Structure formats: C-alpha cells, structure tokens
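Now for the letters of each chain:
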Amino acid sequence: MDSLFDAPAYRPLADRMRPRTLAEFTGQDQAAGPHSLLRRMLQRGSLQSLLFYGPPGTGKTTLAQIIAHMTRSHFVPVNAVSSGVPELRRLIAEAQATRAAGQGRTIVFIDEIHRFNKAQQDVLLPYVENGTIILIGATTENPFFEINSPLLSRLKILRLERLQTAQIEAILQRALTDRVNGLGAERLTLEPAALHMLADVAQGDARSALNLLEQAALMVPEGETEITAASLQDILGTAFRRYDKKGDAHYDIVSAFIKSMRGSNPDAAIHYLARMLEGGEDLRFIARRLVICAAEDVGMADPQALVVANAAAQAADFVGLPEAQLLLSEAVLYVATAPKSNTATTAIAAARADVRRRDCGDVPDHLRDAHYGGAARLGHGTGYRYPHDYPHAWVDQQYLPDALRGTRYYHPKGEGYEARFRRDGDEGEN
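Residues numbered from 1 in each chain as written. Predicted model: local features only at pLDDT ≥ 70, side-chain atom pairs only at ≥ 80, totals over all residues. Heavy atoms only, no water.

Draft legend 1. View of a nonpolar patch on the surface. A contiguous nonpolar patch, built from Phe144, Phe145, Ile157, Phe318 and Val319 and spanning about 520 Å² of accessible area, is present on the exposed surface. Counting residues per element, the ones that place at least two in the nonpolar patch are α7 (143-146) and α17 (304-319). Locating valine 319 in the fold gives a position in helix α17. Judged by relative accessible area, which is 36%, valine 319 ranks as partly exposed. (Patch = residues over 30% accessible without salt bridge, like charges linked within 9 Å, V, L, I, M, F, W, Y side chains within 5 Å. Areas by Shrake-Rupley, 256 points an atom, 1.4 Å probe, with all protein chains shown as cover. Salt bridge = Lys/Arg side-chain N within 4 Å of Asp/Glu carboxyl O. Helix = DSSP H or I, 4+ residues; strand = E, 2+ residues; numbered from the N terminus. Buried < 20%, exposed > 50% of the residue type's maximum accessible area, 1.4 Å probe, protein only.)

Rendered as structure tokens:
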C-alpha cells in the first residue's frame, strides 16, 4: 500500500474531506438546513454578519468557507491569537478598496473570536455596521459572556451542535470510499465495531474523527485492508479503552466513583472523576451523581456537603471545561473526606413505606391549621404549645398521628454534625 504522504503537497485527510457545498454539510440542519435562517439569507442575497457558536469540529470554519464560495466573496481568515489592531485596520482598508473597485464583498472570518479583547472588537464595530465587511466569527465559548454587547447585537448567532455518533460514522464511511479526496484508493474497510469506536471516541468532533482514521490507516500492516477494533485499540492506546458512555464500562466507572466517595477514599474518587472527564462524560451527569452522594451518603453527618456539591454543579455548568474540573475536584474531595451518614436515606424510605402500606391516621388536632374563623370550635390548634416559648425552643408534645405514636424513622449516627442529635436508644447506631 502506497504511503499517504507520497503526494508532493500533503494535506491532512480532515482538510481534504471538508464539505464544499451546503448539501454536503452534515448534521447542522437547524443552523444551515433547508429551512434555516442562513439559507433564507443566502437565497435572498442578504447575507449579514454571523457568529458561529459550538463545540470543536462541528464545521464552523468549513461553513464560513462555503458561504464565501456561494456568495463569491473574498475570504480572509484572521487568527484571533496573533492579529492585532493594526492588522485589522489593514484588512478593513483592503476590503474598502476591493468593494470600491467593484470586485465584491469581503468576508472576514475570525476563529476563536472570544480571544479578541475589547479594543480589537471595537475596531470591527463600525465596519460591520456599515457593511464594509461581512464578519463571521467562530467561538466555542458562550458568546454572551465573551463578546462585547455592541458587537454581539450586530451579529446573527447560529449555534452548531455536537455531531451525533451516527453522523460521524457517515463522515468516516465517506472518507473511506472517496477516491479523490479520501482514502478510497487505499481500499480500506472499517470493521463495524471499529467504526463505532472511532466515532464514539471523537466525541462529536468530525475533524478529530478523520484525524484518527488517517492515523489508523497509516498503521495498517502491509497486505491488509481492514482496520479492526482490536488493532484500533492498540493504535489509539489505553486512553481509548477507558470509557464507553453507553457500555458496561460507563456504569462500572460511575458505580466505582460513587462507592469510592461513599467509602471515604479521595484518591479513588478523583481517579474515577478523571476517567469520566477524559471519556467526555457529560458534566451534568457527573454533577448529579455528586449531589446525590452528598445527600445520600454524607447527609446529616455534614449537611454542608450538599451545599458544596450543589454549588460545584451549578458553577461547573456555568464555566464549562477545562475550569469545571477544578470545581468538581474540590467537591469530590469534600464529599469523599466528609463524615458519612445515610440516615436521610433510611428515614425517608421508612416513612414512605408506612405511608404506602398502612393507615397512618389523622393529623393531631392541636397541629391542624387554625388560621381561619371557627377553627377553635372544631378543636383545631387547641392545646398547641409554641416551642419558642420554652427553654431551648423545645417542648414535649405529640407530633405524629396517634397511629404512629412512638414510631422512629430517624436514628442519628455518632458521626460528625449528626452526633448532636443522638437520643436514648441510639447507642447501637454506628
């Protein structure tokens, strides 16, 4: 099999397989499909400045290039990291000259536009507003946090979604059969399990999937044409074997994560958190497990654990990765090292079992609502003793219905904060 690098001017497979038309553009029907705002603008010849917002590998750069080709505009890519204000002013002057000469419009494409500072964004503002340039920005960050409001108000935001596994599989299959730009001349095939592995590990990133396919193709032994799941695991290394979000490993790792926190082993808990993060697990899924563990396994031994876990869940969703890993790590360590009690779990389980299975009786008369005229005539509220009128805001009176008098659902353990609630008869609780 000839080397993929034999061509005089090598171009990566991901670049060669870029869609060239909207018809070839995969998986973004809402942003670029037949009934999208973008299609209507292009059909009417009324293209406006745009902002593409979405994860890596969803086609932001490709879509900008397709638009430039369809509108016969000059396409000028700008590096948001290395381009300063002087370069922006030069590009704008060139766009003005091009337009004045009747040579068409200029699309200025700025990838990672969120990296532009306020001064750079402000330079663009008047020229976007008067139509000197069509600005197409691309960002993986929430634009409402990262883009200046005046500029953002002049951009139409199009959200590109992470590609589904089936869509990635279709892209990979097309690359395998395309004899002009893909690997069709190599006559390679992908074992179905290997195809799914590649699509899954790419995590919705078409560029990553094609790069991985190209690497796998380079490693196929001489005389062989099939890329198998087994060979793919060897090529991609241990990081690939780590996590299948829909397979047994997913549930095993999540289970180990929870049990490690429950078992007060912070090192193991952090290990399984890392495996989930590296596997591309949904942050909200991880955060939900963390919050549940804080209530179920720490509970009344340290009620602050639930506050910490919930704060981390909200903050992780707010800031996203990579910073979210720090918030989750702190909360996981807190929950893992906190004293443990499952009494909140056992108490509600026992109480609900009684409610479902037996006649629990009526609310005692002295606890019933007395905030209406005539309540006293029914005996409602009569004899109720207000706890704040007594020392330590406590008074001995009946609270449970008669049918449940003497029933105990909550049995405090002797750990942490909960130890203060232990009562007579709790000595056997650990």
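Draft legend 2. Summary view of the side chain of serine 341. Within the secondary structure, serine 341 is located in the loop between α18 (324-337) and α19 (343-357). Look at serine 341 and you get buried, because its relative accessible area is 2%. In this structure the side chain of serine 341 is engaged in a polar contact, spanning 3.0 Å, whose partner is the side chain of threonine 343. (Polar contact = N/O pair within 3.5 Å; in protein donor to acceptor, adjacent residues only side chain to side chain.)

Draft legend 3. Examining the sheet that holds strand β3 (residues 106-111) more closely. Taken together, 5 strands build an open sheet; the order of strands is β2-β3-β4-β1-β5 and the sheet is parallel. A single partner strand is all that each edge strand has here, and the edge strands are β2 (74-79) and β5 (156-159). Along the sheet, successive strands turn relative to each other by an average axial angle of 20 degrees, direction set aside. As paired strands, strand β1 (residues 50-53) and β5 are joined by 4 bridges and run parallel to one another. The residue of β5 that forms the bridge with leucine 51 is isoleucine 157. Those strands touched by helix α5 (residues 85-100) are β2 and β3, and its axis lies near 175 degrees from that of β2. (Pairing = 2+ DSSP bridges. Axes fitted to C-alpha atoms, helices over the stretch in contact; angles between N-to-C directions. Contact = heavy atoms within 4.5 Å.)

Draft legend 4. Looking closely at the pairing of β2. Alignment of β2 against β3, held across 6 bridges, turns out to be parallel. Across the sheet, residue valine 76 finds its bridge partner in β3, namely valine 108. One crossover worth recording links β2 to the parallel β3 by way of α5, and it is right-handed. (Right-handed = clockwise from strand over helix to strand, strands pointing away.)

Without other data, these values stay purely geometric and don't point to any function.
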